[in-house]
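Examination of the molecular architecture
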Amino acid sequence: MWEMKTLKDLAIIKAFVPEKIPNFVGTESMFDFVVWNLYDRIANGLKSFDLLCDNRRFYDAFLVAGNVLETCAVLSYIKDKQTEKERLENLNKYLARSAAGQLIKTLSWSDDLSKEVVWKAYESGLKLFAPVGDSIIKKQKSDKTDKEIHWDILDKLKYRDGSNADKKSLIYSNYVRPDPQGYVRAFSKTFDRLDNGNFERMYDKYCDFKHVNIMSNGVAAETMEEDIVDWAIEIMAAVVLYLQRYGLKPMDD
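Residues numbered from 1 in each chain as written. Predicted model: local features only at pLDDT ≥ 70, side-chain atom pairs only at ≥ 80, totals over all residues. Heavy atoms only, no water.

Moving on, we come to the overall build of the protein chain. A tally of helices and strands in the protein chain yields 11 helices and zero strands. A principal-axis box enclosing the C-alpha atoms of the protein chain has dimensions of 60 × 50 × 35 Å. Taken over 253 residues, the protein chain has a buried fraction of 42%. Taking the contacts inside the protein chain whose residues are at least 6 apart along the sequence as the reference set, 72% of them involve residues at least 24 apart. For the protein chain, the centre of its 37 positive side-chain charges and the centre of its 40 negative side-chain charges are spaced 3 Å apart. (Helix = DSSP H or I, 4+ residues; strand = E, 2+ residues; numbered from the N terminus. Buried < 20%, exposed > 50% of the residue type's maximum accessible area, 1.4 Å probe, protein only. Contact = heavy atoms within 4.5 Å. Lys, Arg positive; Asp, Glu negative; His and termini not counted. Charge placed at Lys NZ, Arg CZ, Asp CG, Glu CD.)

Grouped together as the largest cluster of nonpolar side chains are 55 residues, with contacts concentrated most on L46, F49, L69, I78, M236 and L243. For this core, the elements supplying multiple residues, two or more each, are α1 (4-15), α2 (30-54), α3 (58-79), α4 (84-107), α8 (180-190), α10 (199-210) and α11 (226-246). What L46 contacts, discounting residues up to four positions off in sequence, is I13, F16, V68, M236, V239, V240 and L243. (Core = buried A, V, L, I, M, F, W, Y, C linked by side-chain atoms within 4.5 Å.)

In this structure, the largest pocket spans a volume of roughly 410 Å³. If you go around the largest pocket, you meet 16 residues; those closest to its centre are E70, R97, S98, P178 and P180. Counting residues per element, the lining of the largest pocket draws most heavily on α4, which supplies six residues. Each residue belonging to the lining of the largest pocket can be placed in one class, and the counts come to six nonpolar, five polar and five charged. (1 Å grid on protein atoms, 1.4 Å probe; cavity = no way out; pocket = protein on both sides within 12 Å on 5 of 7 lines; lining within 4 Å. Points joined across faces, edges and corners; volume = space filled by probe spheres on them. Nonpolar A, V, L, I, M, F, W, Y, C, P; charged D, E, K, R; others polar.)

The next point concerns empty space enclosed by the protein. What the rule picks out here adds up to one cavity of 30 Å³ or more. Counted as a void, the largest cavity has a volume near 40 Å³. In terms of lining residues, the largest cavity is bounded by 10 residues, among which F58, A61, F62, V229 and A232 are the most central. Put simply, the parts of the chain that give the lining of the largest cavity at least two residues each are α2, α3 and α11.

Before going further, it helps to examine the packing of aromatic side chains. Evaluation of the coordinates by the stated rule reveals 12 aromatic pairs. Ring geometry for W119 versus Y122: centroids 6.1 Å apart, planes at 35°, classification tilted. Here W119 pairs with Y122, and both are found in helix α5 (residues 116-129), just three residues apart, close to one helical turn. On the basis of relative accessibility, which here comes to 11%, the residue W119 falls in the buried class. Look at Y122 and you get buried, because its relative accessible area is 0%. Considering the side-chain rings of Y242 and Y246, the 5.9 Å spacing of their centres and the 35° angle between planes classify their relative orientation as tilted. Of the two residues, Y242 and Y246 both sit in helix α11, four residues apart, roughly one turn of that helix. Y242 gets classed as buried once you look at its relative accessible area, which sits at 0%. One aromatic cluster is present, built from ring pairs that chain together F187, F191, F199, Y242 and Y246. (Phe/Tyr/Trp six-rings, centres within 6.5 Å; stacked < 30°, edge-to-face > 60°.)

This brings us to the packing of α3 against α4. Contact pair α3 / α4: the axes reach a minimum separation of 7 Å and the direction vectors enclose 135°. Relative to α4, the element α3 lies oblique. Note on element contacts: α4 touches α3 through R87, N90, L91, K93, Y94 and R97, opposite V74, Y77, I78 and K79. (Axes fitted to C-alpha atoms, helices over the stretch in contact; angles between N-to-C directions. Parallel < 35°, antiparallel > 145°, perpendicular 65-115°, else oblique.)

Next up on the list: the environment of A121. Relative to the helices and strands, A121 resides in helix α5. You can call A121 partly exposed: its relative accessible area is 26%. Between the C-alpha atoms of A121 and T27, which are 94 residues apart in sequence, the distance is 24 Å. Discounting residues that sit within four places of it in the chain, A121 has contacts with T106 and W109.

Averaged over the protein chain, the pLDDT score is 88; the fraction of residues at 70 or greater is 92%. In this model, residues 216-222 is a region of pLDDT below 50 whose contacts with residues beyond four sequence positions or in other chains number seven contacts. (pLDDT = per-residue confidence, 0-100.)

Moving on, we get to the side chain of K167. By the secondary structure assignment, K167 is in helix α7 (residues 164-174). Dropping the residues within four chain positions of it, K167 is found in contact with L107, L113, Y122, L157, Y159, R160, D161 and G162.

Take the pattern of salt bridges next. If the charged atoms of two oppositely charged side chains come close together, the side chains can form a pair. Here the structure, examined in full by the defined rule, presents 12 salt bridges. One salt bridge connects E116 with K120, and the closest N-O pair in it is separated by 3.8 Å. With E116 and K120 both in helix α5, this residue pair falls four residues apart, about one helical turn. Two residues, E116 and R160, come together in a salt bridge whose shortest N-O distance is 3.1 Å. With E116 in helix α5 and R160 in the loop between α6 (146-157) and α7, the pair connects residues that are 44 residues apart, well separated along the chain. (Salt bridge = Lys/Arg side-chain N within 4 Å of Asp/Glu carboxyl O.)

As structure tokens, this is what we get:
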């Protein structure tokens, strides 16, 4: 049985009506395309969370809540800077980290790029990574600019020959990797009134569940504690309030 505070938070989630997602045709800015797609993922996640809570699928609901929080933190990281220059810089960093992560995954499929399907996927990833990768270059002792260092590395990464392990090592050693907890920490700091100190703690708990197989012995039998469920509901209500107060303005189709 939900307490009154939890019932109020559930009502906030159920009453949320997201903005209409624009129909993108390919001529819009990358900024608009990315932030609206993130917004759409959050809106769909909130619907799923509500449905799972109604059906008392609390493990699944908690995992969805963690993903919604992470995605909302990324949205805030990109759009909530004061100047357009800062917003575009953070967009490029997000795109670069995502592209680098995808390259690592592709390179992990096999030992080399001899398979055509792996090579095609890798080529596509490099095309996404090339324009923005200089934004996440690690600090180095060099007279060269970050862009020059980035292009030197691309000259080594662009060839089909060589081992995938060497290519992964180049990416790991030269570029800043994604830090989801960092996005959440920044979100928590920026919107501490909505957060009430819970965003980071809930996200850490989400990571615990996410990286442990819940079907393994001793985990599937564990009962999700009621206060943890209430906690997730409270935070999803805070996400809704964020979207209502600081979300995206409708775009003309």
